[in-house]
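Each chain, written out:
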Amino acid sequence: MKKILMIATLMLATLGANAQEMYAKAMAGGVLSNLVGDVSNNKMKIGAVGGLEIGCNITDMFAITGGVLYTMQGCKNDLTDSNLNLNYINVPVLANVYVVPGLAIKAGPQIGFLMSAKIGDISQMDYHKKIDFSVPVGLSYEFSDVVIDARYNIGLTDIYKNSGGDKIRNGVIMLTIGYKIPM
């Protein structure tokens, strides 16, 4: 384990030394979220997202970004007309491949930390797993220092502690606008 951490640290240090440009990007926007898998009677719920990403352009065609995003997720139950509100701190690490200047295809792993889970004012934290793994895939377009980003987060983790064998995951569509600040 120590060898893997040392190799990863050396790789990141090398990337930083060869980086053409590093930047921070403040971003905010909206999400459409739902629970997917072995679940029914749910509708998409509207939420918000905001946070900060740090990026490193390795070449003109490739960049790596890592961030911290507060994301309001969950779903609306069609039968009870109530919302399941799941609030996460998500940490994505994305590879960005620029197919043309300004237009990037992006994908990578993301870990989410559940901060709260409620239906109305009633806590649901005892029923949900605290960690959520997903894979965001999407596109972004940059003009000047403004970035428009669209992603779909493919949930990999069954988010319920005791789902009785059912697989219930997060599915999140995210649209943000951000502003790049050179570092």
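In the block above lies the structure referred to throughout.
Attention in this report is confined to the structure presented alongside it. All of these numbers come straight from a predicted model, not from anything done at the bench.

What counts, and at which threshold
- Residues numbered from 1 in each chain as written.
- Predicted model: local features only at pLDDT ≥ 70, side-chain atom pairs only at ≥ 80, totals over all residues.
- Heavy atoms only, no water.
- Helix = DSSP H or I, 4+ residues; strand = E, 2+ residues; numbered from the N terminus.
- Contact = heavy atoms within 4.5 Å.
- Core = buried A, V, L, I, M, F, W, Y, C linked by side-chain atoms within 4.5 Å.
- Buried < 20%, exposed > 50% of the residue type's maximum accessible area, 1.4 Å probe, protein only.
- Salt bridge = Lys/Arg side-chain N within 4 Å of Asp/Glu carboxyl O.

Here we come to unusual backbone geometry. With glycine set apart, most residues show a phi of negative sign, and most peptide bonds adopt trans. Backbone geometry at Asn 41 places phi at a positive 65°, although glycine is not the residue there. Here Asn 41 lies in the loop between strand E1 (21–37) and strand E2 (42–43). Even without being a glycine, Ser 144 presents a positive backbone phi close to 55°. Within the secondary structure, Ser 144 sits in the loop between strand E9 (131–143) and strand E10 (146–155).

All right, on to the side chain of Asn 34 then. Here Asn 34 is to be found in strand E1. In contact with Asn 34, not counting residues within four places along its chain, are Asn 42, Lys 43, Met 44, Gly 74, Cys 75, Arg 169, Asn 170 and Gly 171.

We now examine the nonpolar core. Formed by Leu 35, Cys 75, Leu 84, Leu 86, Tyr 88, Leu 114, Ala 117, Met 125, Ile 159 and Ile 168, the largest nonpolar core amounts to 10 residues. The set of elements that each furnish at least two residues to this core consists of strand E5 (82–100) and strand E7 (110–119). When residues of this core are assigned to their parent elements, the largest contribution, 3 residues, is made by E5. When residues no more than four places from it in sequence are discounted, the contact partners of Ile 159 are Leu 35, Leu 86, Tyr 88, Tyr 127, His 128, Lys 129, Asp 132, Ile 168, Arg 169 and Asn 170. Core analysis: the next-biggest nonpolar cluster, separate from the first, contains 6 residues, Val 31, Val 49, Leu 69 and Met 174 among them.

By secondary structure assignment, the location of Lys 43 is in strand E2. Expressed as a C-alpha distance, the spacing of Lys 43 and Asn 77, which sit 34 residues apart in the sequence, is 6.2 Å.

This brings us to the pattern of salt bridges. Summed over the entire model, instances satisfying the criterion amount to 5 salt bridges. Put simply, Lys 25 and Glu 53 hold a salt bridge, and the shortest N to O gap is 3.3 Å. Here Lys 25 is found in strand E1, whereas its partner Glu 53 is found in strand E3 (residues 45–57), with 28 residues between them in sequence. According to the relative accessible area criterion, Lys 25 is buried, its value standing at 4%.

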